[in-house]
Amino acid sequence: MMIQNADIVIVGGGIWGLSAAYHLAQAGQKRVSVLERNPALAQETTPRAAGLVGQIRSNPTMMRAIQYALNLFSQFARQTGHDPGVHQTGSLMVALTPERLAAYEQQVEHARQNQVEASFVSHEEMARLVPALNTSQVVGGYFVPDDGYVDPKQCAQAYGEAATDLGVHIALGTRVTGIRISQGRVVGVETGDGLVEAGQVLIAAGPWSGMLAEKAGFAPAMQPIRHQRVCTVPLPGIPDHHPVVRVTDVSCYVRPEKGGYLYGFFEPHPTSIDLETLPADFTTGDLEPPTAVMAEAQKRLSPIFPILKELEIAEYHQGITTFAPDGSYLIGPVPGVADLFLATGCAALGIAGSAAIGHWLAQWMLEGHPGEDLTLFGLERFGDRASDRAWMRRASEDFYGHYYSIRPEAS
Ligand SMILES: Cc1cc2nc3c(=O)[nH]c(=O)nc-3n(C[C@H](O)[C@H](O)[C@H](O)COP(=O)(O)OP(=O)(O)OC[C@H]3O[C@@H](n4cnc5c(N)ncnc54)[C@H](O)[C@@H]3O)c2cc1C
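What you see is a predicted model; the values in this text were computed from it and never measured.

## Here we look at the overall build of the chain
Looking only at helices and strands, the chain features ten helices and 19 strands. Rg of the C-alpha trace for the chain: 21 Å, near the compact-globule value of 22 Å for 411 residues, within the 12% margin. Residues counted as buried form 52% of the 411 residues belonging to the chain. Once local pairs closer than 6 in sequence are excluded, the contacts in the chain between residues at least 24 apart make up 77%.

Structural data, given as structure tokens:
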């Protein structure tokens, strides 16, 4: 049923919009409406994700954000009655070179300084945790026991159901076509069914967020970039409590899924998606399976996970992530338009970050401040350079292509 007004309208029923809705309602704001163009929630980027929730990040804000997510996810079913599908199996970070091992030493140190438990493990322990790992190829590795993964779609739906229980209204099949602004202030959104008046609006439309923000006169510095992972046919004997394995030297990650293995790949030369050149009814499901890219992933992983050579790929999952040139989120109030907020630049970390993002945005919209210094996610942090779209695209693709590179700050 279409509504005509709400205190807060959220554009987008993916995991970010739904987490924001849940956190707003939890904080006492009940007149929230989520407008989603598809006939169901979480059908675009969110369900394609691998759902990894890893605490090893380059800055303390993100480390705390992921800790917040792990806490929330582990209590969510008990507190709300809706299960986000969390598996706290730990992460194993595998090094194939001495340079990587040296970078890992810094990461473990950094983790401990930020109250994240992480320790180096022996080859025997790695083989126990991940029996399919060919440890003869491995120089060393460390284990983060509290890390894990969630089922991304289930998690988004859990936020949505918990938000609905708290009074949030969700309108499916409702495409937002414009942002209505009057005297420098947002007053609502335009939809195929007419105007929905709102005191505040949050654009959380995944890769389409940039196009919507441009309708309000602001072009965020983010590039939609394809990311991909696959799921193999099942294989008997994969342990239930199998950790996520990040083989950063080959830019891949692996975890169990549906009785087989899921693996994903940050290819060095990524594919940008120019949504503005595609038809308005384009959806993520229209992306072709990137078979050559995933064949390369399998080739890179096979020396370390020989079993993957034997296992047919049962499912391809490709989606559109959004990257800022520095790989950090873009969230906050839209410059020049009062009461309009934007959340984009998920950097393939939007499932893990969803909880904190919802929390920060709820505080920002209700209290006028996110509760901590989020300058690093500021929408205007690139200054004039953001208007150089060629630079922005190059730098964002470069960040994606070097996602797991050894960086000075040991991310
Ligand atoms: C292959 C892959 C693996 C990934 N792995 C991980 C991972 O391991 N860990 C992790 O943290 N993250 C991961 N991610 C990233 C994660 O999927 C995203 O960060 C997250 O899903 C972003 O959620 P969102 O709500 O911003 O976007 P979306 O899920 O795309 O939701 C946006 C919603 O807005 C709606 N919408 C768009 N335009 C309009 C409009 N005009 N009107 C109304 N509604 C509109 C869309 O229909 C959609 O439902 C991965 C992504 C991919 C593709």
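## Focus: unusual backbone geometry
Positive phi, close to 50°, is recorded for Gln183, a residue that is not glycine. By secondary structure assignment, the location of Gln183 is in the loop between β10 (176–182) and β11 (185–191). Positive phi outside glycine occurs at Lys258, with the angle close to 50°. With 12 C-beta atoms packed within 10 Å, Lys258 lands in the exposed category.

## Topic: helix α5 (residues 152–165)
In this model, α5 (14 residues) spans 20 Å end to end at C-alpha, consistent with the 20 Å of a helix rising 1.5 Å per residue. Most of α5 is tucked away: ten of the 14 residues are buried. Among the residues of α5, Pro152, Lys153, Cys155, Ala156, Gln157, Ala158, Tyr159, Gly160, Ala162 and Ala163 are the ones counted as buried. Phi turns positive, to about 110°, at Gly167, one or two residues after α5.

## Section: the environment of Phe266
With respect to the element layout, Phe266 can be found in the loop between β16 (260–265) and α7 (291–301). Assessed through the 23 C-beta atoms surrounding it within 10 Å, Phe266 is described here as buried. C-alpha of Phe266 to C-alpha of Ala297: the two residues are 31 residues apart in sequence and 8.7 Å apart in space. Setting aside residues no more than four positions away along its own chain, Phe266 makes contact with Ser251, Tyr400, Tyr403 and Tyr404.

## Some thoughts on the site of the ligand
Of all residues adjacent to the ligand, which total 41 residues, the nearest are Gly12, Gly14, Gly206, Gly319 and Gly350. Here the shell around the ligand is built from residues that sort into 18 nonpolar, 17 polar and six charged. Counting contributing residues per domain, the shell around the ligand is built from domain 1 (5–52 + 152–223 + 325–401) and domain 2 (86–147 + 224–320), each supplying no fewer than three.

## A closer look at the sheet that holds strand β13 (residues 223–232)
Sheet architecture is open: eight strands sit in the order β6-β7-β5-β14-β15-β16-β13-β17, paired in mixed fashion. This sheet does not close on itself; its edge strands, each paired only once, are β6 (119–120) and β17 (313–323). Taken strand by strand, helix α10 (residues 389–401) contacts β13 and β17, and its axis lies near 25° from that of β13.

Criteria and cut-off values
- The written sequence of each chain sets the order in which its residues are numbered from 1.
- Reporting in this predicted model follows two pLDDT cut-offs: at least 70 for local features of residues, and 80 or more for side-chain atom pairs to be given and counted; totals over whole chains, interfaces and linings ignore these cut-offs and use all residues.
- Secondary structure follows DSSP: runs of H or I at least 4 residues long count as helices, runs of E at least 2 residues long count as strands, and numbering of each begins at the N terminus.
- For a compact globule the rule gives 2.2 Å times the number of residues to the power 0.38, and the radius of gyration it is set against comes from C-alpha atoms.
- Exposed residues have 12 or fewer other C-beta atoms within 10 Å of their own C-beta, buried residues have 20 or more, and partly exposed residues fall in between, where C-beta atoms are placed from the backbone.
- C-beta atoms are placed from the backbone for every residue, and two residues are taken to be in contact when these atoms lie within 7 Å.
- Any helix carries an expected span of 1.5 Å times its number of residues minus one.
- We call a residue near a molecule or strand when its C-beta atom, built from the backbone, sits within 6 Å of it.
- Residues were grouped as follows: Ala, Val, Leu, Ile, Met, Phe, Trp, Tyr, Cys and Pro as nonpolar; Asp, Glu, Lys and Arg as charged; and all remaining residues, including Gly, as polar.
- Where each domain begins and ends is defined by an automated method or by a domain database.
- For two strands to be treated as a pair, DSSP must find at least two bridges joining them.
- Every axis corresponds to a line fitted to the C-alpha atoms, with the helix fit spanning only the stretch in contact, and the corresponding angles, defined between N-to-C directions, vary from 0 to 180 degrees.

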